[in-house]
Amino acid sequence: MNWGYNYVDEHHKEHSFLLESNLQSDKFAIYGRYELVQKSSEELGFEDWS
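Reading guide: rules and limits
Residues numbered from 1 in each chain as written. Predicted model: local features only at pLDDT ≥ 70, side-chain atom pairs only at ≥ 80, totals over all residues. Heavy atoms only, no water. Salt bridge = Lys/Arg side-chain N within 4 Å of Asp/Glu carboxyl O. Helix = DSSP H or I, 4+ residues; strand = E, 2+ residues; numbered from the N terminus. Buried < 20%, exposed > 50% of the residue type's maximum accessible area, 1.4 Å probe, protein only.

Enquirer: I'm lost on the pattern of salt bridges in this one. Help?
Expert: Think of it this way: side chains of opposite charge can pair up when their charged atoms draw near. Summed over all chains, the structure comprises three salt bridges. Between arginine 33 and glutamate 20 there is a salt bridge, with the nearest N and O atoms lying 3.0 Å from each other. On the criterion of sequence distance, the pair formed by arginine 33 in strand E3 (residues 29–37) and glutamate 20 in strand E2 (residues 12–24) is long-range, its members being 13 residues apart. Using a relative accessible area of 41% as the deciding quantity, one classes glutamate 20 as partly exposed. We note a salt bridge from glutamate 35 to arginine 33, for which the minimum N-O separation is 3.1 Å. Under the relative-accessibility criterion, glutamate 35 is labelled partly exposed at 47%. When salt bridges that share partners are traced, they join Glu20, Arg33 and Glu35 into one network.

Honestly, that's just the spatial picture; any functional story needs more than this.
Here's what the structure looks like:
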């Protein structure tokens, strides 16, 4: 598991984490991944709709 944190300012904090796992047998393998990333709408280039 990996975790990251960006402190931009007092009101803008961004978290992210990644969780990976795998299970292997002689005949098959199962792989899973979950990722969460927080980004602001300004950083992604979206306009404010309010």
